[in-house]
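The chain contents come next:
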Amino acid sequence: MFRWGVLSTAKIGRDHVLPAIADSDNGVVAAVASRDLGKARALADRFGARHAFGSYEDLLASDAVDGVYIPLPTSQHLEWAARAAEAGRHVLVEKPLALKADDIAPLIAIRDRSKVVVSEAFMVTYHPQWHKVRDLIASGTIGRLRHVQGAFSYFNVDPDNMRNKLDLGGGALPDIGVYPTVTTRFSTGREPLRVQASIERDKKFGTDIYSSVRADFGEFELSFYLSTQLANRQLMVFHGDKGFIEVRSPFNAGLYEHHRVELHNAGHTEATVFRFPGTQQYRLEVEAFVRAAQGGKDRVFSLEESVLNQKVIDAIFRAGEHDGWETV
């Protein structure tokens, strides 16, 4: 069994990824590290981990783990992913991996030198609903794809939440803007050429709280909005000349709505519904990661893909500073 260590007791780890590891068929939670040893011990006990550490350095120095999961604040992702890889540990690190695409290159070099797997935790790319969307588009089911529309929003004005702290990498684009971009890129196999954007920032936090984005992919267009201060919503629609595809709960499947992909014909008179009951995308993610770390053929989200996705976010931020198009 693959022995996982986790750096931090963050909520996404506690609520989603560690339960997925515990339920997986090829890994166990072996160690937890926190700056607060008491918190590390409590979380370790919850998931049956034998080891708890009062520092991240101590966990990385231990021979009790094969790889680590990193759900630290965004501003610390690159540093600790690099330190873990240099210690010879495989690394699954929460998104966004970086705040600038150019900052990822040193981590790629460390990965190659250390010969470990390092992957940004885009769980959506492991969910079968997105593989279905990709297959439907590739097979021509909706004809010529002309427009992709997306939305992702939630309401959070907690000043203590890292998503509202600029120095920790908070903001809507880093936290959730990555999802409409990555799922469109994943489903179509295409990269955007240029973007336009309107961005609003919170006067107190300084973080971006609302964005309206238009991305030109050449043969089709992506438009989406996102916000950290709007009522909860998630939706992705892929519209072609012979039909369209709606992904009803595209990012947090099972939370915002059921796992469901709807294929509509051109006349909007027929619909085929694809359901994925019981799918656990975090479990699929960690199991695929372990198989890849152990030399298997599973595809995991690569650092090269991380660079491409972050280039889009970087361009959106630049576009938000002026009217008109910004090259990706």
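The paragraphs below set out a description of the structure included in this document. Note that the structure is predicted; figures quoted are calculated from it, not measured.

Things to note about helix α5 (residues 105-114)
Part 1 of the argument: By the burial criterion, the buried members of α5 are Leu 107, Ile 108, Ile 110 and Arg 111. Seen end-on, α5 carries its buried residues on one side only, within an arc spanning 160 degrees.
Part 2 of the argument: With its phi angle positive at about 60 degrees, Lys 115 sits one or two positions after the end of α5.

Remarks on the sheet that holds strand β6 (residues 118-120)
Part 1 of the argument: Strand order in the open sheet formed by six strands is β3-β2-β1-β4-β5-β6, and the pairing between neighbours is parallel. Looking at the sheet topology across the chains shown, the edges are occupied by β3 (51-53) and β6. Between one strand and the next, the sheet's axes are offset by a mean angle of 25 degrees, whatever the strand orientation.

Some details on the sheet that holds strand β11 (residues 229-240)
Part 1 of the argument: Judged by pairing direction, the sheet is mixed, and its nine strands sit side by side in the order β14-β13-β12-β11-β7-β10-β9-β8-β15 without closing on themselves. Edge positions in the sheet fall to β14 (271-275) and β15 (326-327), since each has one partner strand and no second.
Part 2 of the argument: Relative to β11, strand β7 (residues 145-155) runs antiparallel, the two sharing nine bridges. Note on β11: the bridge partner recorded for Phe 152 is Gln 234.

Here's the deal with the packing of helix α6 (residues 128-138) against helix α7 (residues 172-188)
Part 1 of the argument: Packing of α6 against α7 brings their axes to within 8 Å, and their N-to-C directions diverge by 50 degrees. As summarised for this structure, α6 and α7 are arranged oblique, according to the angle between their axes. Judged by the sense of rotation from one axis to the other, the crossing of α6 with α7 is right-handed. Packed against α6, whose contacting residues are Trp 130, His 131, Val 133, Arg 134 and Ile 137, the element α7 presents Thr 183, Phe 186, Ser 187 and Thr 188 at the interface.
Part 2 of the argument: Class assignment for the residues of the contact of α6 with α7 results in four nonpolar, four polar and one charged.

Things to note about the environment of Gly 189
Part 1 of the argument: Locating Gly 189 in the fold gives a position in the loop between α7 and β8 (194-201).
Part 2 of the argument: Among the residues examined, Gly 189 registers a relative accessible area of 59% and is labelled exposed.
Part 3 of the argument: Between the alpha carbons of Gly 189 and Ser 34 there is a distance of 39 Å; along the sequence they are 155 residues apart.

Some words on the packing of aromatic side chains
Part 1 of the argument: Counted by the stated rule, this structure contains 11 aromatic pairs.
Part 2 of the argument: Ring centres 5.8 Å apart and planes at 50 degrees place the aromatic pair Phe 152 and Tyr 179 in the tilted group. Of this pair, Phe 152 sits in strand β7 while Tyr 179 is found in helix α7, placing the two residues 27 residues apart along the sequence. Here Phe 152 and Tyr 179 have matching classes, each one buried.

Digging into the pairing of β11
Part 1 of the argument: Alignment of β11 against strand β12 (residues 243-247), held across four bridges, turns out to be antiparallel. The residue bridging Phe 238 from the neighbouring strand is Ile 245, located in β12.

Observations regarding the pattern of salt bridges
Part 1 of the argument: All chains considered together, the criterion is met by 20 salt bridges.
Part 2 of the argument: For Arg 83, the salt bridge identified is with Glu 57, shortest N-O distance 3.6 Å. Remark: Glu 57 occurs in helix α3 (residues 56-61) and Arg 83 occurs in helix α4 (residues 77-86); sequence separation between them is 26 residues.
Part 3 of the argument: Of the residues examined, Arg 83 reaches a relative accessible area of 33% and is grouped as partly exposed.
Part 4 of the argument: On the accessibility criterion, Glu 57 (34% relative accessible area) is partly exposed.
Part 5 of the argument: Across the salt bridge formed by Glu 305 and Arg 299, the nearest N and O atoms sit 2.2 Å from each other.

How each quantity is defined
- Residues numbered from 1 in each chain as written.
- Predicted model: local features only at pLDDT ≥ 70, side-chain atom pairs only at ≥ 80, totals over all residues.
- Heavy atoms only, no water.
- Buried < 20%, exposed > 50% of the residue type's maximum accessible area, 1.4 Å probe, protein only.
- Helix = DSSP H or I, 4+ residues; strand = E, 2+ residues; numbered from the N terminus.
- Arc of directions from axis to C-beta.
- Pairing = 2+ DSSP bridges.
- Axes fitted to C-alpha atoms, helices over the stretch in contact; angles between N-to-C directions.
- Parallel < 35°, antiparallel > 145°, perpendicular 65-115°, else oblique.
- Left-handed = near helix turned anticlockwise from the far one by under 90°.
- Contact = heavy atoms within 4.5 Å.
- Nonpolar A, V, L, I, M, F, W, Y, C, P; charged D, E, K, R; others polar.
- Phe/Tyr/Trp six-rings, centres within 6.5 Å; stacked < 30°, edge-to-face > 60°.
- Salt bridge = Lys/Arg side-chain N within 4 Å of Asp/Glu carboxyl O.

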